[in-house]
Amino acid sequence: MYTMNERFLETSQALGEFLETVERRALLMARVATGFQDEAFDIVQDAMLGLVKKYRNKPVEELKPLFYRILQNRIRDWYRRQTFRRRWQFYGSLEPDDEGASFDPINNHPAPESYDPAGILLRDEAMIALDAALRKLPLRQQQTFLLRAWEGLSVAETAMAMKCSEGTVKAQYFRALHTLRVELEDHCP
Amino acid sequence: MTSHPDREQEFIESIRKTLDDAAESLDASALSRLTQARNKAMETGARKRLQWIIWPAWGVIASVALILLLFPVFENKPQSIKEVALTADTEIISDSLGLDFYRDLYFYYWLSVDGRHAE
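These remarks concern the structure in this document. The model shown is predicted, which means the values in this text are computed figures rather than measured ones.

1. Focus: the overall build of chain A
Okay, so step 1: The number of helices and strands found in chain A is seven helices and zero strands.
Okay, so step 2: Here chain A, with 189 residues, has 43% of them falling under the buried criterion.
Okay, so step 3: Look at the contacts in chain A between residues 6 or more apart in sequence, and 67% of them connect residues 24 or more apart.
Okay, so step 4: Carbon and sulfur atoms provide 51% of the accessible area of chain A, an area that totals close to 10,700 Å².

2. Side note on the packing of helix α5 (residues 139-150) of chain A against helix α7 (residues 166-183) of chain A
Residues and elements named next belong to chain A.
Okay, so step 1: Where α5 contacts α7, the axes come no closer than 8 Å and their chain directions differ by 95°. The angle between α5 and α7 places the two elements in the roughly perpendicular class. Between α5, through R140, Q141, T144, F145, R148 and A149, and α7, the contact on the second element is made entirely by T168, V169, Q172, Y173, R175, A176, L177, T179 and L180.
Okay, so step 2: Grouping the amino acids of the contact of α5 with α7 by side-chain chemistry returns seven nonpolar, five polar and three charged.

3. What to know about the packing of aromatic side chains
Okay, so step 1: In this structure the tally under the stated criterion is six aromatic pairs over all chains.
Okay, so step 2: Measuring from ring centre to ring centre gives 5.3 Å for A:F67 and A:Y68, while their planes differ by 70°; the resulting arrangement is edge-to-face.
Okay, so step 3: Judged by its relative accessible area of 0%, A:Y68 falls in the buried class.
Okay, so step 4: An angle of 55° between the planes, with centres 5.9 Å apart, marks the rings of B:F107 and B:Y108 as tilted.
Okay, so step 5: On the basis of relative accessibility, which here comes to 40%, the residue B:Y108 falls in the partly exposed class.
Okay, so step 6: What links up through ring pairs into an aromatic cluster is the set A:F18, A:F67 and A:Y68.
Okay, so step 7: If you follow A:R148 out to its NZ or CZ, it ends over the ring of A:Y173, 5.4 Å from the centre.
Okay, so step 8: Positioned above the aromatic ring of B:F11, the side-chain terminus of A:R181 is 4.8 Å from the ring centre.

Rules behind the numbers
Residues numbered from 1 in each chain as written. Chains lettered and ligands numbered in written order. Predicted model: local features only at pLDDT ≥ 70, side-chain atom pairs only at ≥ 80, totals over all residues. Heavy atoms only, no water. Helix = DSSP H or I, 4+ residues; strand = E, 2+ residues; numbered from the N terminus. Buried < 20%, exposed > 50% of the residue type's maximum accessible area, 1.4 Å probe, protein only. Contact = heavy atoms within 4.5 Å. Areas by Shrake-Rupley, 256 points an atom, 1.4 Å probe, with all protein chains shown as cover. Axes fitted to C-alpha atoms, helices over the stretch in contact; angles between N-to-C directions. Parallel < 35°, antiparallel > 145°, perpendicular 65-115°, else oblique. Nonpolar A, V, L, I, M, F, W, Y, C, P; charged D, E, K, R; others polar. Phe/Tyr/Trp six-rings, centres within 6.5 Å; stacked < 30°, edge-to-face > 60°. Lys NZ or Arg CZ within 6 Å of the ring centre and 35° of its normal.

Structure (structure tokens):
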């Protein structure tokens, strides 16, 4: 007889094994997106917690797109917080000019933050170049490319994870691929 | 000469390999933090499950306690006249003697009293 407890243990084990298979990739995706290893760890941990809380009873084969959807939500939340913080800092540092002209926040937006040197995991030249090229891509293109090309999600699964249409996924993936080819001309075949 | 789709596939493959190598070469402290994060998530899941078991159990216990508490109150409540009459009517209708027996009860009483006088 299959008891509830046995079923729970089996589900937990499957869930644990699933998280073990995706955690490294998720960490790298979050790190590429944020540029900070500590922030990436927090995002991945939040995504794991979210998956276990909400979808622990789902079949394992359905977990991957759900996990990446949560991860993408956490990355977007992180970006929103950063944008808010930057804007706050920007307006805080504003000094009215002599003519009282208004500032354009987009033109004055600070450049992307540099890497946290202690958190850099990059080992070889190819990865350094790839990392730099990926970070130049807009967030949506970058994550769409990683989900499709690296994690191997289908167009439909990627659309579900990124909360966009399949057409958008195809367009974003194509643009990312094109940009990366140009950027990595010297490093890749 | 390789065709365009082949070159594209080769390019994607090389990117995938570079990323896989980076994921495989995570240092011990990063792996340890990931394991901790995973364990924490799994523990939260187990606690959530326990809550699902505990809350209904508490509900059952509270209901039983409430019934036990209120039972004596209903038990000691005095019966009203209406309730007594209703109980008597129900007994008359439901027993096996039939309505004629109750209609003739006065006759049986008279018979038993007057019969004794006649003797």
